[in-house]
Amino acid sequence: MNMENIDANRDRNDSSVEFLYGTRFGKILLEFILAVKVPKLLGAFLRSPLSRFYIKSFIAKNGIDMSDFKEYEEAGFGGTKKFRSFNDFFTRKKEASALKVDFEPEHLVSPCDSLLSVYKITEDAKFHIKGFDYSLEDFFCSERGAFKSPELLSQMKAFAGGDCLVFRLCATDYHRFCYFDDGQHSGELGGNHFLEGKLYSVQPKACENFRVYTKNRRSWTILDTAHFGKVAQVEVGAFSVGGIVNHLPSDGKNEFKRGDEKGFFDLHGSTIVLLFEKDRIELRDEILEAWKSGEVRVRYGEYIGKTKTN
């Protein structure tokens, strides 16, 4: 396994992110940009046919491999299907044969192409990310107050002492994500619970200056998995990512299989957070060693850990 890692101090933030999130005037301007709904306007443009011109240059600039998308004819790929907009390109879907998923039952796999960070949840149900302490309640409840139930409060306690995996997708990543194990959505907590929020960037500079994982728009659900117990999956939106699309209905009583597509993000960077109960998973030694030097590059369906054996 050839592990790539990205030193958090060397991770490339866009120059605009450095300015908006790293300077006093930039932060004031950022709040104005969010207040006048610039991300929404940008999203509307990128979902329109007028944005098609941007596809070819985006592919070239970022060195995106399009070999798994041969059905498309945009940007000279000679296929049979046209991209209708930049967003259509951004949410492009791979053929099933191009998706490599590890189906070993006790293996934990990555739900997406991303940069992985690993954190421990303390016994008092908190964890530390990029200079901020987060509580489990922060993740499940909006700043205005939100859905709470005795069942949810009990489940949050069960995550104390467990593990938090953060999968940060870059703009160039494949933005569809899969289930990492067999299981089912069941009960009240198994639905898709959407929380309104802002759309800060999820690049490292933004995470160092704002509590993005609890201020941003997000959707969470509790999954009953076959090999890892109950796991919370939280999808977090980011700048211009107005859409978090989950395929299952909100009442969620559906079974799922490892490798099934769970959903996708609309436009630019975004994040998936997985919360595991105590003593449920063991990450691969290669992952843990690489994490000492910064975020670790992982791929959709890739083996990253296993069921913990006592």
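Residues numbered from 1 in each chain as written. Predicted model: local features only at pLDDT ≥ 70, side-chain atom pairs only at ≥ 80, totals over all residues. Heavy atoms only, no water.

**Student:** Would you mind going over helix α7 (residues 150–158) with me for this structure?
**Tutor:** Because each turn of an α-helix spans 3.6 residues, side chains separated by three or four positions end up pointing in the same direction. Burial in α7 covers these residues: L152, Q155 and M156. Take α7 and look down its axis: the buried residues cluster within an arc of 105°, on one side only. Of the exposed residues in α7, those oriented more than 90 degrees away from the buried face are P150 and K157. Turning to α7, the residues buried within the fold contact α6 (136–140), β10 (218–225) and β11 (229–236). (Buried < 20%, exposed > 50% of the residue type's maximum accessible area, 1.4 Å probe, protein only. Helix = DSSP H or I, 4+ residues; strand = E, 2+ residues; numbered from the N terminus. Arc of directions from axis to C-beta. Contact = heavy atoms within 4.5 Å.)

**Student:** What is the right way to read the pairing of strand β17 (residues 295–298) from this model?
**Tutor:** By the alternation rule, side chains of β17 split into E295 and R297 and V296 and V298, which are all buried. Bridge count for strand β3 (residues 114–120) against β17 is three bridges, and the pairing is antiparallel. Bridged to L115 within β17 is R297. (Pairing = 2+ DSSP bridges.)

**Student:** In this structure, what is going on with the pattern of salt bridges? I would like to understand it.
**Tutor:** Overall, the coordinates contain 14 salt bridges when judged by the stated rule. Between E261 and K93 there is a salt bridge, and its shortest N-O distance comes to 2.7 Å. With E261 in strand β14 (residues 261–265) and K93 in the loop between α5 (86–90) and β2 (107–109), this residue pair connects regions lying 168 residues apart in the sequence. Given the relative accessible area of 41%, K93 is considered partly exposed. With a closest N to O distance of 3.2 Å, K308 and D279 form a salt bridge. Placement of the pair is K308 in the segment after β18 (303–307) and D279 in the loop between β15 (270–276) and β16 (281–283), with a sequence separation of 29 residues. (Salt bridge = Lys/Arg side-chain N within 4 Å of Asp/Glu carboxyl O.)

**Student:** What is the right way to read a nonpolar patch on the surface from this model?
**Tutor:** Taken together, the side chains of F45, L50 and F53 present a nonpolar region at the surface, about 360 Å² in accessible area. With respect to the helices and strands, F53 occurs in helix α4 (residues 53–62). (Patch = residues over 30% accessible without salt bridge, like charges linked within 9 Å, V, L, I, M, F, W, Y side chains within 5 Å. Areas by Shrake-Rupley, 256 points an atom, 1.4 Å probe, with all protein chains shown as cover.)

**Student:** How should α4 be read in this particular structure?
**Tutor:** Within the sequence span of α4, burial applies to I55, F58 and I59. The buried residues of α4 all sit within an arc of 100° when viewed along its axis, so they share a single face. Of the exposed residues in α4, the ones pointing more than 90 degrees away from its buried face are F53, K56, A60 and K61. Immediately downstream of α4, the backbone of G63 shows phi near 60°, a positive value.

**Student:** Would you mind showing me how to read the side chain of R218 here?
**Tutor:** By the secondary structure assignment, R218 is in strand β10. Within the structure, R218 has its side chain in polar contact with the backbone oxygen of F139 (distance 3.0 Å). (Polar contact = N/O pair within 3.5 Å; in protein donor to acceptor, adjacent residues only side chain to side chain.)

**Student:** Even after reading the chapter, I still don't get the sheet that holds β18, so can you show me in this structure?
**Tutor:** In sheet architecture, strand pairing relies on hydrogen bonds along the backbone and comes in two forms, parallel and antiparallel. Read across the sheet, three strands follow the order β2-β18-β16 without closing on themselves; strand pairing throughout is antiparallel. Of all the strands in the sheet, just β2 and β16 have a single pairing partner and so form its edges. Along the sheet, successive strands turn relative to each other by an average axial angle of 35°, direction set aside. Across three bridges, β16 lies against β18 in antiparallel orientation. Bridging from a neighbouring strand, L283 pairs with G305 of β18. (Axes fitted to C-alpha atoms, helices over the stretch in contact; angles between N-to-C directions.)

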